[in-house]
Amino acid sequence: MRAAWIAAGLLALAVPVLLPERHLAVYVLLALTATVTVGVSMLMGYAGQVSLGQASFYAIGAYAAGLLATHGLPPLLGLLAAPLVAAAAALLVGAPLLRLRGHHLAFATLAVQLILLGLLSRGEWAGGAIGLQGIPRFSAGGVQLRDDLGYAYLALAVLAVVMLVYRNVVVSRVGRALRAAATGEAAAAACGVPVGRYRLAVFALSAAFAGLAGGVYAFYLGYLSPGSFPVLLSIEFVVMAAVGGLGTVAGPLVGAGVITVLVQALTLLGTQPGMPGYAPAVLSYAVYGLVLVVAVLYLPRGIVPSVHSALRIPRGKS
Amino acid sequence: MTGLVGYLVTGLGIGAGFALVGSGLVVIYRVTRVVNFAQGALAVLAAMLTASLLSAGLPHGVAETLGVLAGAAAGLLVGVVAIGRPGTAPGASLIVTLGLGLLAYAVEILVWGDQPRSFPGLGGAVELAGARVQVHYLLIVAVTVPVFGCLALFFARTDLGKALSACASNPYAARVVGIDVRRMGLLSFALGGALGGLAGVLTTPVQQVTFDSDVALIVNGFAAAVLGGLTRPGVALAGGLLLGVAQTVVAGYGGGAYRLEVALVVLLAVMIAHAVRTPPAQEAAA
């Protein structure tokens, strides 16, 4: 198991150097998407809550970093502030919202994102619907990240930090308590688990992950607009988390990787000469929809747990 | 004052559309405990199909009816996928319907493109207490109110309606007395699809429809339905009309950009107020 992780880590380090420059953008976005998906997977797997608004925390982190940087503060400060601002927003929103369960919470998080998008597109301070422009490139200690290669490693570092935090939460006492709360809330509460507080903490932590990824996103693109964070993006995170396997450490990576590669391949197919202009959109909607339905119905635990049990239990015995 | 009457009638028309989407959610939720996220997509699908049929030369009435029937058929299809497999939990079914909503985007863009669509409704305007009101808004209200009346009669007076309600209150007992719970669930999806389709067909002449207008429809419909705890069609009607009027009045007095936010804030407030009053343990049992 450890060997597999080291191999995956080395592969992730080697790929940006080997990849042609024009494919690096996909790599950066994949790492950022995986970072957000880790949070969604934690939220869904350990707090048992579906969030259809995770992109709002991605947006909050991105706008926090972008606004601080455009107002002349050092980019490093912006990047550090991004997860903090996102977590603070999550605490503020989560305190009343996390009283809700199931489909109520799903709609509530969706509502929060729609409200946020409305505010951003009308807020002069955030650049309105046109967007926030002129975000400087990321720099720390006199070194400026100019090309995609630098951002690939920055995104990878962020992903590694988030995975490490996630893994430690999972194996900790808090992780066990959360798992207990997800299976039987009343029983866990009776055993002395402060369910409400832990659930809020997980919500804030998942928002911090999304905010951190958003900070990198802001510096990488140098331009933010409300249109970059549609509701569909939140749904994509849910699809990736569900496909990879909820509550596992490797699940979000596998889910984000599989879906991104699939969508990229189909986009390539959709932009072939002779294909109609709407083909890429149709194909990606179809992929997200089909994959989500098939995964929930036929692979309810996701890819990673299913592969695990298939490896451990020989065929025919189960 | 004359402005207010106009806003009121327009708001009732728009609110009736929300109420229809919401009632579709209610009918499905009552019977299956599933929140059908594809409900908005069904409305869009029915509206787009009706627009195509009308431009193909079919007369008014026939095209609209076919649109509503298509909504019912699509609703049935959603139901087959969402609850057709035995043992699918309502939470999982919610995510399945979300996936089907995305799939509907693909179908809609493929068939109708990504441009807004509309078709002419009942033309003309009338004077009401000094305010000019498009006749079509009156038509929406005039269709919606009897539909809700029939719905109430259906659930309270007919054997089929009672069977549907029985599945909602106790699936096990319903099965014991010989009710096919799964078939009733599918029937509720078809009925919900028809109501969603009706909403789409009725409101499209006054509000253009694009493939992604389902998000606004489902959020408004859910906000209308959640007032009655997702189980009472009558409350969904009242909620939808209230929401429609509130939005039009806000838009009319200068807050036009904040229309959807009105629904969203109402939605959040109602849900949180409801959750505060109900202890979590009781909610899990319900």
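An unreviewed UniProt entry lists chain B under the name Branched-chain amino acid transport system permease protein, with Catenuloplanes niger as the source organism. Per UniProt, chain B has the following entry under Subcellular location (unreviewed entry): "Cell membrane". Under the Sequence similarities (unreviewed entry) heading, UniProt states for chain B: "Belongs to the binding-protein-dependent transport system permease family. LivHM subfamily."

As annotated in an unreviewed UniProt entry, chain A carries the name Branched-chain amino acid transport system permease protein and is attributed to Catenuloplanes niger. Per its UniProt entry, chain A bears the Subcellular location (unreviewed entry) comment "Cell membrane".

A.B. asks: Would you mind going over the overall build of chain A with me for this structure?
C.D. replies: Helices and strands together make up the secondary structure of chain A, namely 13 helices and two strands. Dimensions along the principal axes, computed over C-alpha positions, put chain A at roughly 55 × 45 × 40 Å. Counting the 318 residues in chain A, one finds 53% classified as buried. About 13,900 Å² of surface is accessible on chain A, with carbon and sulfur atoms providing 70% of the total. Taking the 17 positively charged and 6 negatively charged side chains of chain A as two groups, their mean positions are separated by 20 Å.

A.B. asks: Which parts of the structure should I look at to understand the environment of Ser56(A)?
C.D. replies: All names here are of chain A. In this fold, Ser 56 is placed in helix α3 (residues 54-70). Judged by relative accessible area, Ser 56 falls into the buried class, the value being 3%. Considered as a pair, Ser 56 and Val 40 are 16 residues apart in the sequence and their alpha carbons are 12 Å apart. Other than its neighbours up to four places away in sequence, Ser 56 contacts Gln 113 and Leu 116. A polar side-chain atom of Ser 56 sits 2.2 Å from the main-chain carbonyl oxygen of Gly 53.

A.B. asks: Can you help me understand the interface of chain A and chain B in this one?
C.D. replies: In many reports, interface size means the accessible area that the parts give up when they come together. Of the residues lining the interface, 36 residues belong to chain A; the matching set on chain B comes to 40 residues. Both sides of the chain A and chain B interface together cover about 3,400 Å² of buried area, and 84% of this is carbon and sulfur. At the surface where chain A touches chain B, the tally comes to one salt bridge. Close ionic contact of Glu261(B) with Arg122(A) constitutes a salt bridge, the shortest N to O distance being 2.7 Å. Summed over the shared surface of chain A and chain B, the result is one residue pair in polar contact (both at pLDDT 80 or more). Among the secondary structure elements, those contributing two or more residues to the side of chain A that touches chain B are α4 (75-97), α5 (102-122), α10 (231-244) and α12 (279-298) of chain A. Among the residues forming the side of chain A that touches chain B, the class breakdown is 28 nonpolar, four polar and four charged.

A.B. asks: So what exactly am I meant to see when it comes to the nonpolar core here?
C.D. replies: Grouped burial of nonpolar side chains is what soluble globular proteins tend to show. The biggest cluster of nonpolar side chains holds 195 residues, and the ones touching the most others in it are Phe57(A), Tyr58(A), Leu224(A), Phe229(A) and Phe222(B). Top contributing element to this core by residue count: helix α9 (residues 195-221) of chain A, with 15 residues. The residues contacting Phe222(B), other than those within four sequence positions of it, are His103(A), His104(A), Phe107(A), Leu25(B), Val35(B), Leu230(B), Leu267(B) and Met271(B). Ala177(A), Ala181(A), Val193(A) and Val195(A) belong to the second-largest nonpolar core, a separate cluster that totals five residues.

A.B. asks: Any chance you could explain the UniProt feature "transmembrane region" (unreviewed entry) in chain B here in plain terms?
C.D. replies: Residues and elements named next belong to chain B. Here the UniProt-annotated "transmembrane region" (unreviewed entry) positions come out as residues 6-29, 41-59, 65-84, 91-113, 133-156, 184-202, 222-245 and 257-276. Between the end C-alpha atoms of residues 6-29 the distance is 34 Å, and the span holds 100% helix and 0% strand. Secondary structure over residues 222-245 splits into 75% helix and 0% strand, and the C-alpha atoms at its two ends are 16 Å apart.

A.B. asks: What is the right way to look at the packing of aromatic side chains in this model?
C.D. replies: Each aromatic ring pair is specified by the distance between its two centres and by the angle formed by the two planes. Residue and element names in this part refer to chain A. Tallied over the full model, the rule gives 11 aromatic pairs over all chains. A ring pair is formed by Phe 57 and Phe 203, whose centres lie 5.6 Å apart and whose planes are at 90°; its orientation type is edge-to-face. Placement of the pair is Phe 57 in helix α3 and Phe 203 in helix α9, with a sequence separation of 146 residues. Its relative accessible area of 4% is what places Phe 57 among the buried residues. Feature note: the residues Tyr 58, Tyr 63, Tyr 217, Phe 229 and Phe 237 constitute an aromatic cluster, connected by ring pairs.

A.B. asks: Which parts of the structure should I look at to understand the UniProt feature "transmembrane region" (unreviewed entry) in chain A?
C.D. replies: Residue and element names in this part refer to chain A. Per the UniProt annotation, the sites labelled "transmembrane region" (unreviewed entry) are residues 24-43, 79-98, 105-123, 151-169, 200-221 and 277-299. End-to-end, the C-alpha atoms of residues 24-43 are 29 Å apart, and along that stretch the chain is 100% helix and 0% strand. End C-alpha to end C-alpha, residues 277-299 measures 33 Å, and it is 87% helix and 0% strand.

The rules behind the values
- Residues numbered from 1 in each chain as written.
- Chains lettered and ligands numbered in written order.
- Predicted model: local features only at pLDDT ≥ 70, side-chain atom pairs only at ≥ 80, totals over all residues.
- Heavy atoms only, no water.
- UniProt positions renumbered as here; feature names shortened; annotations may be inferred.
- Helix = DSSP H or I, 4+ residues; strand = E, 2+ residues; numbered from the N terminus.
- Buried < 20%, exposed > 50% of the residue type's maximum accessible area, 1.4 Å probe, protein only.
- Areas by Shrake-Rupley, 256 points an atom, 1.4 Å probe, with all protein chains shown as cover.
- Lys, Arg positive; Asp, Glu negative; His and termini not counted.
- Charge placed at Lys NZ, Arg CZ, Asp CG, Glu CD.
- Contact = heavy atoms within 4.5 Å.
- Polar contact = N/O pair within 3.5 Å; in protein donor to acceptor, adjacent residues only side chain to side chain.
- Buried area = accessible area lost by both parts, 1.4 Å probe.
- Salt bridge = Lys/Arg side-chain N within 4 Å of Asp/Glu carboxyl O.
- Nonpolar A, V, L, I, M, F, W, Y, C, P; charged D, E, K, R; others polar.
- Core = buried A, V, L, I, M, F, W, Y, C linked by side-chain atoms within 4.5 Å.
- Phe/Tyr/Trp six-rings, centres within 6.5 Å; stacked < 30°, edge-to-face > 60°.

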